[in-house]
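The chain contents come next:
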Amino acid sequence: RYNYWAGHGSQHPTRPFHMTDIVLNAIVTVLFAWLVRLLFDSAGCTSAATIGFLAALVFAAHPIHADAIGSVVGGAEALSAAFALL
């Protein structure tokens, strides 16, 4: 409902949907970095933070995510990934 309300009457009615998808992808990227860091910390790796950051950077920039962010209906994929990573 928020997306419909925010885009109602504007020249770009899909902008709120795309902004929501971008925010969801950022949340999933942070959760992914946290998960990788947690896994490498538990394995005793001393550079777990660096590995987590680099893995999240690759995850965020990978072109396979273009369809999940570029289309309006892609928000469901990012939302399900966020709940799976929690």
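Within any chain, residue numbers begin from 1 and follow the written order of that chain's sequence. In keeping with the model being predicted, local features are shown solely for residues with a pLDDT of at least 70 and side-chain atom pairs are shown and tallied solely at 80 or more, while totals for entire chains, interfaces and linings include all residues. To obtain the side-chain values, all non-hydrogen atoms of the structure were used and water was disregarded.

1. As for a nonpolar patch on the surface
The following threshold applies: Note on patches: the residues involved have over 30% relative accessible area and no salt bridge, like charges join within 9 Å, and the nonpolar side chains Val, Leu, Ile, Met, Phe, Trp and Tyr join within 5 Å. Here the open area of atoms and residues is found with the Shrake-Rupley method and a 1.4 Å probe, where only the protein chains shown may cover a residue. Salt-bridge detection follows one rule: a side-chain nitrogen of Lys or Arg within 4 Å of a carboxyl oxygen of Asp or Glu. A run of DSSP states H or I qualifies as a helix once it reaches four residues; a run of E qualifies as a strand once it reaches two. Both are numbered from the N-terminal end. To sort residues, take the accessible area from a 1.4 Å probe on protein chains only and compare it with the maximum for the residue type: under 20% means buried, over 50% means exposed, and anything in between is partly exposed.
Nonpolar side chains collect at one region of the surface, where Phe 53, Leu 54 and Leu 57 lie side by side and expose about 320 Å² of accessible area between them. Within the element layout of this structure, Leu 57 appears in helix H3 (residues 48-61). Exposure remark for Leu 57: the relative accessible area of 48% places this residue in the partly exposed category.

2. Comments concerning the pattern of salt bridges
Inspection of every chain in the model, using the stated rule, returns one salt bridge. Between Arg 37 and Asp 41 there is a salt bridge, with its nearest N and O atoms 3.9 Å apart. A residue pair is termed a helical-turn pair when its members lie 3 or 4 positions apart in one helix, as Arg 37 and Asp 41 do in helix H2 (residues 15-42) at four residues.

3. A word on the packing of aromatic side chains
We count it as follows: Ring pairs are drawn from Phe, Tyr and Trp, using the six-membered ring of Trp, whenever the two centres fall within 6.5 Å, and their geometry is named by plane angle: stacked under 30 degrees, edge-to-face over 60, tilted for the rest.
Evaluated as defined, the whole model comprises one aromatic pair. When the centroid spacing of 4.6 Å and the interplanar angle of 20° are considered together, the rings of Phe 32 and Phe 59 count as stacked. Highlighted residues: Phe 32 in helix H2 and Phe 59 in helix H3, separated in sequence by 27 residues.

4. Observations concerning the side chain of Thr 29
Selection criterion: In this analysis, two residues are considered to be in contact whenever any of their non-hydrogen atoms come within 4.5 Å of each other.
Among the secondary structure elements, Thr 29 is positioned in helix H2. Those residues in contact with Thr 29 that lie beyond four places of it in its chain are Ala 56, Phe 59 and Ala 60.

5. Considerations on the confidence of the model for the protein
We count it as follows: The predictor's confidence in any single residue is recorded as pLDDT, a number from 0 to 100.
Per-residue pLDDT for the protein averages 80, and the proportion of residues at 70 or more is 78%. Mean pLDDT values for the elements of the protein range from 58 in helix H1 (residues 2-7) up to 90 in H3.

6. So, the packing of H2 against H3
Applied cut-off: With axes taken as lines fitted to C-alpha atoms, and helix axes fitted only over the stretch in contact, angles between N-to-C directions fall between 0 and 180 degrees. Crossing handedness: left-handed means the near helix sits turned counterclockwise from the far one by under a right angle, and right-handed means the same turn made clockwise. Note on residue classes: Ala, Val, Leu, Ile, Met, Phe, Trp, Tyr, Cys and Pro are nonpolar, Asp, Glu, Lys and Arg are charged, and everything else, Gly too, is polar.
One way to put it is that H2 packs onto H3 with a least axis distance of 8 Å and a crossing angle of 145°. For the pair H2 and H3, the sense of crossing is right-handed. Residue-level contacts link Val 28, Thr 29, Phe 32, Ala 33, Val 36, Arg 37, Phe 40 and Asp 41 of H2 to Ala 48, Ala 49, Ile 51, Gly 52, Ala 55, Ala 56, Phe 59 and Ala 60 of H3. Looking at the contact of H2 with H3 residue by residue, the classes come out as twelve nonpolar, two polar and two charged.

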